[in-house]
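So you can see what is in the structure, the chains are spelled out below.
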Amino acid sequence: MQTSAEIATESIQYKSEVKDLSFYYNTFNALKNINMVLHDKKITALIGPSGCGKSTFLRCFNRMHDLYPGNRYEGEIMLYPDDVNILAQNVDPIEVRMRISMVFQKPNPFPKSIYENVAYGLRVRGVKQRAILDEKIETALRNSALWDEVKDRLHELAFNLSGGQQQRLCIARALATEPEIMLFDEPTSALDPIATASIEELIADLKSKVTILIVTHNMQQAARVSDYTAYMYLGELIEFDMTDTIFIKPKNKQTEDYITGRFG
Amino acid sequence: MAVKSHNKVNHPGRLGYSFKRHLHERFIELLLFMSALLSVAIMIAIIAMLVKESYVFFQHVSLWDFLTDTQWTPLFDDAHYGIMPLVAGTLVSSMVALMVALPLGTIIAIYLSEFAPFSVREIAKPFLELLGGVPTVVYGYFALLFVTPLLQIIFPELPGFSLLSAGLVMGIMIIPYVSSMTEDAMRAVPMHLREGSYAMGATRFQTAIRVVMPAAFSGIAAAYILGISRAIGETMVVAIAAGMQPNLTWNPMEPAATITAYIVQVSLGDLPHGSIGYQTIFAAGLTLLLMTLVFNIFGHMLRKRYREIY
Ligand SMILES: Nc1ncnc2c1ncn2[C@@H]1O[C@H](COP(=O)(O)OP(=O)(O)OP(=O)(O)O)[C@@H](O)[C@H]1O
Ligand SMILES: [Mg+2]
């Protein structure tokens, strides 16, 4: 976590900018006119009570909602430095997902070997040369702090790993393609405290390489890992600021109530 | 005191042992067990009958001749009892059928499970089920009177009866079984696995082939095995469209009899019960059963090795 002073002295650089974003599940308005930014190579946490739209918001960034009929976006999510709106009709969601990867709440390794799980994104992009695959897979596994544990069993089924290892494998899988933004949807909620700590440490380390947006239910986690925090309630963005501001001096009464636990 | 008795009246045995409920449970359990037992008993009875009758047959014909003789002419004066021509006919027609049913059934399943919009699936599924409900005798004449002449346009030398024509139509007949079971297996794969693949930038097709199908492997294997069993055991289509002449050939362009076709032929004929000619159908039937069993065991082993893992 960075202090406000440190952040203030840096030149402000946005990786992404959300402009007037609304989202509809058929007729249900799940996100209402959200405006926010993702700072480049920083960690932004999304907090808020269950059902407030955190996952819905996160899944706009990789156009996951396009998979299901009846979903509709309004507004823009600009991606920089390209300066393109990734929600635009003429932008291919597959192109978006190639640059913005995601780690899910429940570890979801594919029914393949550890090696092939990490290789998946590269293979999907048509990478075939063994040398390149080997190298990128090793790098991704090292960056997800899994290499030492699995280097002798790369060709075993991924299901043999523990829950925490599976989640780190999913992070390695998402890292292997060198994404610009990584989305995490409550990545530790299915894990024990030790596995959680190692994932948190990992996410903090990843910051030097990639911009991160993470949903969490755990207030301490948000405070520990993030640089910026957004508080959402009933589909609206109530407050967005530097994490220490949000946690120490929130401007909004609702935010304060939620953070101090006076909320439901 | 009053409260106590009140409780007793309204909630008999709330935490205690309910004899009535227990009896009811036991009765249902027994009923379920009996129906399971019944199907096993029928299976055993069938095998016992086939083995017993085949035993009589093998007192007249040596197992060696049965397996190695290249002719099957039990009804002729110069009787030969080699099962191979019938086995070959069965295998060739099944192979042709499976070459149609497995790929097409799989493609249809992939389309319906991963690509088709809801409305298309709602229309296509009953249609496929209808295809599976057509009586096999109709398929038989469809092969003989429609597909064979059509094939003769492409292959003028194709005879009026052929394993090819029978096998193709049999394949069409089996498609719905393969596709619906494969589709069920694929749809049972949890959405979060698919989302994992899409989130990596995979297309629908890549997701279907690289993630959904491996995850559904065990169910797909079951579908294929059912397809194989149906092909081997199918009777009407081959009896009508492949000719009834036992013929040791691996060429689908020739007419030949299958084990099943031979069995109906004899069953419908006027051979006296107990004659050696009549007894042949049991040996043939036992062979058929063993063939199906081998495929089933093989499939079972395969499924156990790659069980469903999400
Ligand atoms: N597929 C869907 N169709 C219709 N409504 C949905 C769908 N998914 C979510 N919703 C609704 O949208 C709102 C936001 O849901 P979302 O899953 O984004 O909440 P969340 O903040 O991630 O909650 P949690 O912390 O419990 O994960 C909820 O009211 C939810 O009921
Ligand atoms: Mg959620």
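Undergrad: Run through the overall build of chain B, naming residues and quoting values.
TA: Scanning chain B for helices and strands turns up 13 helices and 0 strands. Over its C-alpha atoms chain B spans a radius of gyration of 26 Å, topping by over 25% the 19 Å that the globule rule assigns to 310 residues. Across its three principal axes, chain B shows a C-alpha extent of roughly 95 × 55 × 35 Å. Expressed as a percentage of contacts within chain B between residues at least 6 apart in sequence, the contacts between residues at least 24 apart total 71%. Accessible surface, chain B: about 17,200 Å² in total, of which carbon and sulfur atoms supply 71%. For chain B, the separation between the mean place of its 18 positive charges and that of its 18 negative charges on side chains is 25 Å.

Undergrad: So, the overall build of chain A: which residues are in play, and what are the values?
TA: Across its full length, chain A holds 11 helices and 10 strands. Expected size for 264 residues packed as a compact globule is a radius of gyration near 18 Å; at 18 Å, chain A falls within 12% of this value. Projecting the C-alpha coordinates of chain A onto the three principal axes gives extents of approximately 55 × 40 × 35 Å. By residue count, 56% of the 264 residues in chain A fall in the buried class. Of the accessible surface of chain A, which amounts to about 11,400 Å², a share of 50% is contributed by carbon and sulfur atoms. Taken together, the 30 basic and 35 acidic charged side chains of chain A have centroids lying 4 Å from each other.

Undergrad: Tell me about the pairing of strand β3 (residues 43–47) of chain A, and name the residues and values.
TA: Residue and element names in this part refer to chain A. Taking burial as the measure, the 5 residues of β3 include 5 buried ones, the bulk of the element. Burial along β3 is two-sided: the residues I43, A45 and I47 and T44 and L46 are all buried. In terms of strand pairing, β3 meets strand β8 (residues 211–215) through 4 bridges, oriented parallel. The residue of β8 that forms the bridge with L46 is V215. Sheet topology note: the β3/strand β9 (residues 228–233) ladder contains 4 bridges and is parallel. By the bridge assignment for β9, A45 is matched with T229.

Undergrad: Tell me what's going on with the sheet that holds strand β2 (residues 28–39) of chain A, and back it up with residues and numbers.
TA: All names here are of chain A. Ordered in space as β2-β1-β4-β5, the 4 strands form an open sheet in which the pairing is antiparallel. With one partner strand each, in any of the chains shown, β2 and β5 (84–85) form the two edges of the open sheet. Relative to β5, strand β4 (residues 71–79) is paired through 2 bridges, and the arrangement is antiparallel. In the sheet register, L79 faces β5, and the bridge partner there is V84.

Undergrad: Just give me the short version of the packing of aromatic side chains, but keep the residues and values in it.
TA: For the structure on display, the rule yields 14 aromatic pairs over all chains. On the basis of an interplanar angle of 35 degrees and a centroid distance of 4.9 Å, the ring pair of Y231 of chain A and Y258 of chain A is categorised as tilted. Of this pair, Y231 of chain A sits in strand β9 while Y258 of chain A sits in helix α11 (residues 253–259), placing them 27 residues apart in sequence. An identical accessibility class is assigned to Y231 of chain A and Y258 of chain A; each is buried. Plain terms: the ring middles of F142 of chain B and F146 of chain B are 5.2 Å apart, the flat faces sit at 20 degrees to each other, and that makes the pair stacked. Taken as a pair, F142 of chain B and F146 of chain B lie in helix α6 (residues 136–154) at a separation of 4 residues, close to a single helical turn. On the basis of relative accessible area, F142 of chain B is assigned to the partly exposed category, the value being 34%. Linked through ring pairs, F57, F58, F66, W72, Y81 and Y262 of chain B together constitute an aromatic cluster. It is R72 of chain A that lies over the ring of Y24 of chain A; its NZ or CZ is 4.3 Å from the centre. Over the ring of F110 of chain A we find R173 of chain A, and its NZ or CZ is 4.1 Å from the ring centre.

Conventions and cut-offs
Residues numbered from 1 in each chain as written. Chains lettered and ligands numbered in written order. Predicted model: local features only at pLDDT ≥ 70, side-chain atom pairs only at ≥ 80, totals over all residues. Heavy atoms only, no water. Helix = DSSP H or I, 4+ residues; strand = E, 2+ residues; numbered from the N terminus. Rg over C-alpha atoms; globule rule 2.2 N^0.38 Å. Contact = heavy atoms within 4.5 Å. Areas by Shrake-Rupley, 256 points an atom, 1.4 Å probe, with all protein chains shown as cover. Lys, Arg positive; Asp, Glu negative; His and termini not counted. Charge placed at Lys NZ, Arg CZ, Asp CG, Glu CD. Buried < 20%, exposed > 50% of the residue type's maximum accessible area, 1.4 Å probe, protein only. Pairing = 2+ DSSP bridges. Phe/Tyr/Trp six-rings, centres within 6.5 Å; stacked < 30°, edge-to-face > 60°. Lys NZ or Arg CZ within 6 Å of the ring centre and 35° of its normal.

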